[in-house]
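An overview of the molecular structure
Letter by letter, the chains look like this.
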Amino acid sequence: MLHIEDLHASIETDDGAREILKGISLDVPAGQVHAIMGPNGSGKSTLSYVLAGREDYEVTGGTVELDGIDLLDLEPEERAAAGLFLAFQYPVEIPGVNMSTFLKTAINSIRKQRGADELDALAMLKRIKAACARLGIADDMMKRSVNVGFSGGEKKRNEVLQMAMLEPKFCVLDETDSGLDIDALKVVADGVNAMRSPDRSFLVITHYQRLLDYIRPDVVHVLAKGKIVKTGGPELAKELEATGYAEFLDEVA
Amino acid sequence: MSSVSKETIATVADMAGRYEAGFVTDIETEKAPKGLSEDIVRFISGKKGEPDWMLGWRLKAYRKWLEMPEPEWAKVDFPPLDYQDAYYYAAPKSAGDGPKSLDDVDPKLLETYEKLGIPLREQEILAGVQNRTPVAVDVVFDSVSVATTFKEKLKEAGVIFCSISEAIKNHPDLVQKYMGSVVPPGDNKHACLNSAVFTDGSFVYIPPGVRCPMELSTYFRINELNTGQFERTLIIADKGSYVSYLEGCTAPMRDENQLHAAVVELIVHDDAEIKYSTVQNWYPGDFETGQGGVYNFVTKRALCEGRNAKVSWTQVETGSAITWKYPSCILKGDNSQGEFYSVAITNGRQQADTGTKMIHIGKNTKSRIISKGISAGRSNNTYRGLVKILPKAEGARNFTQCDSLLIGDHCGAHTVPYIESRNKSARLEHEATTSKISEDQLFYCTQRGIDEEEALALIVNGFAREVMQHLPMEFAVEAQKLVGISLEGSVG
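Now for the packing of helix H3 (residues 99-113) of chain A against helix H5 (residues 152-166) of chain A. Residues and elements named next belong to chain A. Following both chains from N to C, one finds H3 and H5 inclined at 35 degrees, their axes separated by 10 Å at the closest point. Of the two elements, H3 crosses H5, and the hand of that crossing is right-handed. Where H3 approaches H5, its residues Met99, Phe102, Leu103, Ala106, Ile107 and Ile110 are matched on the opposing element by Asn158, Leu161, Gln162, Met165 and Leu166. Its residues assigned to classes, the contact of H3 with H5 comprises 9 nonpolar, 2 polar and no charged.

Here it is, written out as structure tokens:
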């Protein structure tokens, strides 16, 4: 599924380019959930942005392939069409654009790129309604502007709704647990779990172990200072909960 | 119905200036050469078979025009106009002038027609192709029968809807009474020029108590072959009547005539309402240099003459090299209301200076201004508005909101609100914001599979939604597409 090899990326700052990802290699086979944990500033969010193709980051080395397709060669929208989805840590507000228009535009853009027919308004409405019902989202949220005035929980549920509707192969969840109370966390986790399937994989980025109680990972990686410093099973997350990240920070330094 | 009162005339004159008495003259019939002179004015009037009073009115305007200075206060920059280098009679163009077929038309323009889904024959008309399939502009209709049904329905309701030239012949009383009563010829140099040489436009009269059974549109009017250059529109809504009028066209209109100076006058009597919507998409000129674009100098003004009269201007301005336009409301009747909803998009080298004037004269008059300016490329976009409360306007209220959105680092957005209040009971609110389109928003959309240009169109339409939702349905969908097309080339 996703194959990352020796990925280096940097960002332009006032003091010149600063390297944030310093050679990441990672394999996520189809059907698996991998978690990436790490302290603040370790490069977790950068990794998600680089995978999705955000312009601010420059890839200075390495490769990223999704089912053999070189992602780094594609525009962000082409990566989305190739099956990459990023659930944002801070979902962005788009005033005046209601959710249903946004979803329609996104779904049809992706269908068009994948060579499928665009859905008509009725077919679209049915799908949106069905997806909302599954995630316990009230219909009237579809009439509101994208993320404007949404509570923290609504924003994250909205990310999962979009994920469900765009039918991606590979989902990156960037700190989806941040700002969620336990009930909202469960709803979001249920939504994600419902999407787990043998031909879909997830990369769950989180600072805390808590989310992983609800979304059980197959593999846990620790990212520190731009590198993966340890890889293990779900028990690694528990360990980190007990010991913290101090050990890894020292190791790399 | 009452005629325009002294107080109103005084106010209008105060804003504009006055003009002198005229005279009558013979009709000349030779072909109109380039340039502007009394002879040309007589020629136009003669060609139209106008009565003497109309010619006298035009000549008065012409003489006034000679003396008037160019308005120079707007934030637009262009070389001085050479009035003698233009044609003033919209005679059929000679065969050498325009493109011979669509093959000769700028491919970029054709591409846009394609995107808007405009049929081929209509494309020829819009692009000004010579020797095109000989059909009148009623190809804009699906069939001639639509036009016929349309006319019959209006007749049944007692609505008069015709060209201004027909109105001058068939409804001289109404035209003499109202033409120039809201925008007198001496209002400004451009309106004055229009008064002297106008060749086309619409006339609408809605009788008392009648709700016009359909949206009226220049697009649907017959004999509309030469639109544009010097249009003059006069709409009168008699007591308790209602009409919604659509002007313009989302399709980009190429025109050999660089200078456009239209005048629109609306008169609204007691309890009547006019909703006037415009989509303006004249050729904006070369993207890099701005060469060849239309100068759109328009004077639009509504007079809420009666009690509870209401006027609503909605405009989507995307075209023209220069837009100079301030659809205004004179709120004379007590409890009368004026609204101005505007989206102005500039890209490339376009310059727009647009806004409104709300003149509160009557008691408890209300006005609302929502302006959304979007600047991209190397363009400049200015909102300029005046809210004026006169001493008798007890309890007047205004709400103004001006939002500007910048795309890229080379464009400008300017907001110039003027507020004058001479009544202590007036309540005025003004809100203004300026923002840049955010990378976060664009990235969020592209991550969802939407390409950058479509994302931009989506975000900008969202920004402009408050205004777009005031457009009649059939216009709104096209206008949204137009927003996207207007912004092409502004990202990436």
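Residue and element names in this part refer to chain B. With 9 of 9 residues buried, helix H9 (residues 189-197) is to be regarded as a mostly interior element. Within the span of H9, buried status applies to Lys189, His190, Ala191, Cys192, Leu193, Asn194, Ser195, Ala196 and Val197. Residue Asn188 occupies the N-cap position of H9, its side-chain oxygen lying 2.9 Å from the main-chain nitrogen of His190.

In this section: the packing of aromatic side chains. Within the structure shown, the criterion is met by 17 aromatic pairs over all chains. Ring plane angle 70 degrees and centroid distance 4.8 Å describe the contact between A:Phe88 and B:Tyr444, whose orientation is recorded as edge-to-face. Of the two residues, A:Phe88 sits in the loop between strand S6 (84-87) and strand S7 (94-98) while B:Tyr444 sits in helix H10 (residues 439-447), which places them in two different chains. In terms of burial, A:Phe88 and B:Tyr444 fall into one category: buried. Both rings, one in B:Trp73 and one in B:Tyr326, keep their centres 5.4 Å apart while their planes meet at 50 degrees; by these two values the pair is tilted. On the criterion of sequence distance, the pair formed by B:Trp73 in the loop between helix H3 (52-67) and helix H4 (107-116) and B:Tyr326 in the loop between strand S11 (322-325) and strand S12 (328-331) is long-range, its members being 253 residues apart. Taking the relative accessible area as the measure of exposure, B:Tyr326 reaches 9% and is therefore buried. An aromatic cluster of three or more residues is present, and its members are A:Tyr49, A:Tyr57, A:Phe88, A:Phe102, B:Phe443 and B:Tyr444. Sitting over the face of the ring of B:Phe198, B:Arg58 holds its NZ or CZ atom 4.0 Å from the ring centroid. A cation over an aromatic ring shows up here: B:Arg211 above the ring of B:Tyr242, its NZ or CZ 4.0 Å from the ring centre.

The next thing to look at is the pattern of salt bridges. Here the structure, examined in full by the defined rule, presents 26 salt bridges over all chains. The salt bridge partner of A:Lys112 is A:Glu118, with a shortest N-O separation of 3.9 Å. The exposed category is assigned to A:Lys112, whose relative accessible area is 55%. Residue B:Glu305 is joined to B:Lys332 by a salt bridge in which the shortest nitrogen-to-oxygen separation is 3.3 Å. Of this pair, B:Glu305 sits in the loop between strand S9 (295-304) and strand S10 (310-317) while B:Lys332 sits in the loop between S12 and strand S13 (337-346); the two residues are 27 residues apart in sequence, bridging distant segments of the chain.

Our next topic: the pairing of strand S16 (residues 380-389) of chain B. Residues and elements named next belong to chain B. Most of S16 is tucked away, with 9 of its 10 residues classed as buried. Both strand S14 (residues 351-360) and S16 contribute to a ladder of 10 bridges, which runs parallel. Along S16, the bridge assignment pairs Gln351 with Asn380. Bridge count for S16 against strand S18 (residues 412-421) is 10 bridges, and the pairing is parallel. Note on S18: the bridge partner recorded for Gly385 is Pro417.

Cut-offs and rules
- Residues numbered from 1 in each chain as written.
- Chains lettered and ligands numbered in written order.
- Predicted model: local features only at pLDDT ≥ 70, side-chain atom pairs only at ≥ 80, totals over all residues.
- Heavy atoms only, no water.
- Axes fitted to C-alpha atoms, helices over the stretch in contact; angles between N-to-C directions.
- Helix = DSSP H or I, 4+ residues; strand = E, 2+ residues; numbered from the N terminus.
- Left-handed = near helix turned anticlockwise from the far one by under 90°.
- Contact = heavy atoms within 4.5 Å.
- Nonpolar A, V, L, I, M, F, W, Y, C, P; charged D, E, K, R; others polar.
- Buried < 20%, exposed > 50% of the residue type's maximum accessible area, 1.4 Å probe, protein only.
- Polar contact = N/O pair within 3.5 Å; in protein donor to acceptor, adjacent residues only side chain to side chain.
- Phe/Tyr/Trp six-rings, centres within 6.5 Å; stacked < 30°, edge-to-face > 60°.
- Lys NZ or Arg CZ within 6 Å of the ring centre and 35° of its normal.
- Salt bridge = Lys/Arg side-chain N within 4 Å of Asp/Glu carboxyl O.
- Pairing = 2+ DSSP bridges.

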